Structure formats: structure tokens, C-alpha cells
Amino acid sequence: MVGLKEELLKSIWHAFTALDLDRSGKVSKSQLKASGGRRAPVLSHNLCTVLNVPHDPVALEEHFRDDDEGPVSNQGYMPYLNKFILEKVQGNFDKVEFNRMCWTLCAKKNLSKSPLLISDEDAFKVWVIFNFLSEDKYPLIIVPEEIEYLLKKITEAMGAGWQQEQFDHYKIALNTSREGLSAWELIDLIGSGQFSKGMDRQTVSLAISEVFNELILDVLKQGYMLKKGHKRKNWMERWFVLKPNIISYYVSEDLKDKKGDIILDGNCCVEALPDKDGKKCLFLIKCLDKTFEISASDKKKKQEWIQAIQSTVNLLKAGSPPPHKEARQKRKELRQKLLAEQEELERQMKELQAANENKQKELETVRKQLEAAAARAAEEEKKRLQTQLELQDRFSLELEREKTVRQKMEEQVAQKSSELEQYLQRVRELEEMYKELQEALEDEKQARQDEETVRKLQARLLEEESAKRAELEKWHLQQQQTIQMTEAEKQELENQRMMKEQALQVAMQQLKQLELERKEALEQYEEVKKKLETAANNTKSCKDKVARHEGLIRLIEPGSKNPHLITNWGPAAFTEAELEQRQRSWKGKKATSE
């Protein structure tokens, strides 16, 4: 009943949309109650008549009753149609008459005014076929696949060849503008003769009627054959019409004088019979209550009828619909499957597109982050270069300062070298005077012994002083090496220098102590000198010369705080080699004198 209801709704939809509707697309109050607006009740009455449903005008008025909640069109006509008409349909009505009534209501308003190559009756049949093949959604359209199917059926019925290339061009042009055709556009297409060129009107009309009989009236096969009577046993020519569950036979093909029916079910069977009684091409239809003998015009027709009847019985056994309805259902299911696949593909494409957009956004975010990081890196690089330049400037200043300090130190070293040369010259002079003094004292042995005791004491002091001077010279050389070290060791060397200065202070204190001891030795020497004055008159001139040159009787004074070696002759800076050579010289002279 659901499929029947859908088929009825398509025809009713055409009739309903042909009414004067309000903007909401439903029958307005004015159509129901105004003097010229009685079309909806007329439509309901006609539907009830052709569908064999009792008509209840009171229910229609009650459904569209006036109230204070707005226009009566809010409830609509379709709920009334479903509740009071379609739900009561039992199927005992004439489909052609029903479709013709709906066609009468909508054809005048929608049918093209331009002349067509088909008659109004053919246009009506095309309209009914459209309702059968159209999609189950509104507004109704027929898709290109169903258009191709219908045009192929009509072309085959005309006995012409199908022009696939021509239809492909038409399909491409159609798909670019819309999804399909309306019923009236389909009528214009077939009536224009675009796909039936070279055929006359009668041929086209017969082809449309044949397709109409197959698709709408469920006529599986029809034609003239001889039938044997049950009572008189005579053979009469009849027009047979095979439908899914019945075979009807008429006097002629105009179907006006029906002579009987052969009810088919799953228990029926059809068998071929041998020729007899001068009749050829015989076959037998067996039912539960009756058996029918029929004679076809030739063997081909006989075989076609046997196959058609047997196929119909097989479908009844299987409970399957007629072939054309089953094929239509399969085509719809295939289109729905393709549509579902297309929708799924579109959904996946949207998801991919959304994912791609998200990726693009993420890439854009990453790109912005990279740009920001690059900008920060450039800024940091700029700061680093600036800091490097500042450090280079600072190091340049430090190097210039160090260079200046080095030049000053070199000047000091040069000055000290000059002073050392002068000091060495004085030392040489003193050594010469010392030799003269030794020669002068050779004659005074007793006094010389006393003087030698004092001299040994002085020699010991000189040795200690030499050791201290050697240590000071070593520190001086280390300080010279420290000056030449890199900036990274400067602080450490400065600390060592401070430690060495402290050590130098200690050494200075020791030198002061030695000076005190030397003063004591000088005092003792003065006592010895008084004893030798009587015996050393010949050495007076030498002693005076020694006194003038600040010789042995010169006191040792505190030197500078610099880490330099100190001798009894004054401040000096000896190398370790020079000091060792002089020490060996003194020791040799001492050994000689002893």
C-alpha cells in the first residue's frame, strides 16, 4: 500500500499544485469559502469518486475550520488528503480514470501552447509514465537515466535504432543546467520529435501506447490468438492481454468487449501441444479449476507466449514484482547507492578540505612562529654583534693600555740597565782598590789576621747578601716574564706579584737585620783600624781613596721596594750567572788570602 500511495500522491501533486495557492504553498481560506474558490473541495470530491472512497465534506470543513490562531492554511490540505482519502484506498479503482482526472485538472494550465507531434492522449500517457519513473521527492523530476530508459523503450517500440551519441550530447547539456526534467518538459521533449526523426505520428503514438501498456497497465504481452471454447469446443479469435497475475481476452484490441479472464497463480503451468484437428502451434494453460487450449499464429509467437506465461508464473511463485517495476526499483536503488557514495565522497572531501585548512592554519601558525623566531634571532644576532664590537673596543683599549705599560716597563728596564752598567763600573773600580789595599796590608800580618777575622765576617754577610740578591734577581726575571703573559693570566700573575712583594718585604727586613749586623762588624773593624793605624801609615792614601769612592766602609742603606738584588755597594740588578761568577771570584780570592 505504501508504493500505491506514493504513485497516487504524484498524480494528486500535479492536480494540487495547479490550484491557486497562497504564498505558503497551501490552500488558503479564500479558496475554501470565497465564491470562486471551491477547487479544493472539488478535488477532494473527484478523488473520492475515482478512488471509490466515501466522501465526507464535513470533515474537510472541520479540518479547515476558522479559529483565532491564524490562517486556516497552517493545517494544510495534505494532512486531510492522507487521513481522510488515501488511507481508505483499497485498490479497487481504475488507475487510468484516476490519472485522467488529475491530468484534466493540471494539463490546461501547464501543457505547452506550441504545437506538438503527439496528440493530447499521447501527452497524457507520457505524463502518467513520468509519474511512474520520476523520483520520490518534490517538486517531481525525472532524472537523465530514466529519460534514457524511456526514450530507448519508445525507440525500440518504433523499430528504430537508438542514437546513443545524440542522447549523450543532450544529457551533457541537461546536466550542466539542472538535475532533470519536469513532466511538461518531458512531454515537450518527446513531442518535439528530437529522438523520433523520420517517424510519422501514428508510429510514435503506437510506440507510446505500447510503453504505456507495459509500464502503467502492467501489460507483459498482448496479441491475437485462437482459443478453444469450453462448451461448444469451437475455435474463436481473441485479443489476449497478459498481466502479472491474469490473462484477459477480448473480442478485439480496442478492449471494449471483454470475454473472460485466466487467473494465474503459482500452481499454473503452460505446456506445448502437438498439432491436432487441423490446428497448429498449440499450447495448454493449466489452472486449478480450468484448462485452456490456445493456438498461436506461428511457432515464434507460440514460443514467445509460452515463455512469457511461464515467466509470469515463476514471478508469482517467487512473490516478485513485474520485471519493469523490479528494474525501476533496482535503478532507483543503484542511484541511491551512487548518491550515498557521492555524498560520502563529498563528506570525505569536506573532511579532507577541513583537515587541509587546519593544516594550512597550523602551517601558517608555524610560519608566523618561525618568522617571529627569525626576527628574535636577528635581533639577538644584532645584539651579539653589538656586544662583540663593544668587547673588541674594550680589548683594543686594554691592549693600548698594556702597550703603554709595556713601553714604560721597557723604559724602566733600559734605565735600570744603564744604572747597572754604572754600578758595574764602580764595582770594577772598587775591586782594583781592594787589590791595592790587600797589597798594602801584606806587610802587616798581625793586624791582617785581626782584619781577616772581620773580613770573613763581612764575606759571610756578603754571601748572604748575594744569596738574597740572587733570589731578588730571580724574582725580577720572573716579573719580566710575567709582563709578557696574556691578558687571561694577568690577574693570576698580579696575585703572584703581590705575594712576591710580600716576600720582598720580608727580604728587606732581613737585609735591614744584616745591615745592623754589618754596622756591628764595622764597629769592630773600627777598633781593629785603630790598632792598625800605627802599622798602616803606608796604606793611608789607599784608605782615603777607598773612602772617597764609598768602598767597604759605606753603610748598606734600605733599597727600593722593587724586587731587585741588593749588595753592600748599593742597589743593583744581577743575573744569576753574574752573581755566581762574582761569588766564585770572591771565594777564589778568599782561598788565596788564607
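Fair warning: this is a prediction, and the values are worked out from it, not measured in the lab.

*Asks:* Describe the confidence of the model for the protein, listing the residues and the values that go with them.
*Replies:* On average, residues of the protein carry a pLDDT of 81, and 85% of them reach 70 or more. Per-element averaging of pLDDT across the protein places helix α2 (residues 29-33) at the bottom with 45 and strand β3 (residues 246-250) at the top with 93. Taken together, the stretch residues 21-37 has pLDDT below 50 and engages in 36 contacts with residues farther than four places along the chain or on a different chain. Every residue in residues 551-557 scores below 50 in pLDDT, and together they form 24 contacts with partners more than four places removed in sequence or on other chains.

*Asks:* Lay out the side chain of lysine 10 with the relevant residues and their values.
*Replies:* Position of lysine 10 relative to the elements: it lies in helix α1 (residues 2-17). Polar side-chain contacts of lysine 10 include one of 3.0 Å to the side chain of aspartate 136. Once residues lying within four places of it in the same chain are set aside, the contact partners of lysine 10 are Asn131, Phe132, Ser134, Glu135, Asp136, Tyr138, Leu140 and Lys332.

*Asks:* Which residues make up the packing of helix α7 (residues 120-133) against helix α10 (residues 183-191), and what values do they have?
*Replies:* Between α7 and α10, the least distance of the axes is 9 Å, while the angle of their chain directions is 130°. For the element pair α7 / α10, the angle class is oblique. Here the hand of the crossing between α7 and α10 comes out right-handed. Side by side, α7 and α10 meet where Ala123, Val126, Trp127 and Phe130 of the first sit next to Ala183, Trp184, Leu186, Ile187 and Ile190 of the second.

*Asks:* Report on a nonpolar patch on the surface, specifying residues and quantitative values.
*Replies:* Together, Leu345, Met349 and Leu352 give the surface a local cluster of nonpolar side chains, amounting to about 320 Å² of exposed area. Mapped onto the elements of the fold, methionine 349 is located in helix α13 (residues 323-440).

*Asks:* Tell me about the sheet that holds strand β4 (residues 258-263), and name the residues and values.
*Replies:* In space, the 7 strands of this open sheet follow the order β4-β3-β2-β1-β7-β6-β5, with antiparallel pairing throughout. Bordering the open sheet on either side are β4 and β5 (269-273), each of which pairs with just one other strand. Adjacent strand axes in the sheet meet at a mean angle of 35° when their direction is disregarded. Examined bridge by bridge, strand β2 (residues 235-243) and β3 share 5 bridges and lie antiparallel to one another.

*Asks:* Mind laying out the layout of surface pockets, listing which residues take part and the relevant values?
*Replies:* Put simply, the largest pocket is a space of about 870 Å³. Lining of the largest pocket is provided by 30 residues; of these, Ser209, Glu210, Asn213, Val219 and Gln222 occupy positions nearest its centre. Elements that contribute at least two residues to the lining of the largest pocket include exactly α6 (95-110), α7, α8 (144-158), α11 (201-215), β1 (221-228), β2 and β3. At 8 residues, α11 tops the list of elements feeding residues into the lining of the largest pocket. Classifying every residue of the lining of the largest pocket gives 14 nonpolar, 5 polar and 11 charged.

Conventions adopted
- Residues numbered from 1 in each chain as written.
- Predicted model: local features only at pLDDT ≥ 70, side-chain atom pairs only at ≥ 80, totals over all residues.
- Heavy atoms only, no water.
- pLDDT = per-residue confidence, 0-100.
- Helix = DSSP H or I, 4+ residues; strand = E, 2+ residues; numbered from the N terminus.
- Contact = heavy atoms within 4.5 Å.
- Polar contact = N/O pair within 3.5 Å; in protein donor to acceptor, adjacent residues only side chain to side chain.
- Axes fitted to C-alpha atoms, helices over the stretch in contact; angles between N-to-C directions.
- Parallel < 35°, antiparallel > 145°, perpendicular 65-115°, else oblique.
- Left-handed = near helix turned anticlockwise from the far one by under 90°.
- Patch = residues over 30% accessible without salt bridge, like charges linked within 9 Å, V, L, I, M, F, W, Y side chains within 5 Å.
- Areas by Shrake-Rupley, 256 points an atom, 1.4 Å probe, with all protein chains shown as cover.
- Salt bridge = Lys/Arg side-chain N within 4 Å of Asp/Glu carboxyl O.
- Pairing = 2+ DSSP bridges.
- 1 Å grid on protein atoms, 1.4 Å probe; cavity = no way out; pocket = protein on both sides within 12 Å on 5 of 7 lines; lining within 4 Å.
- Points joined across faces, edges and corners; volume = space filled by probe spheres on them.
- Nonpolar A, V, L, I, M, F, W, Y, C, P; charged D, E, K, R; others polar.

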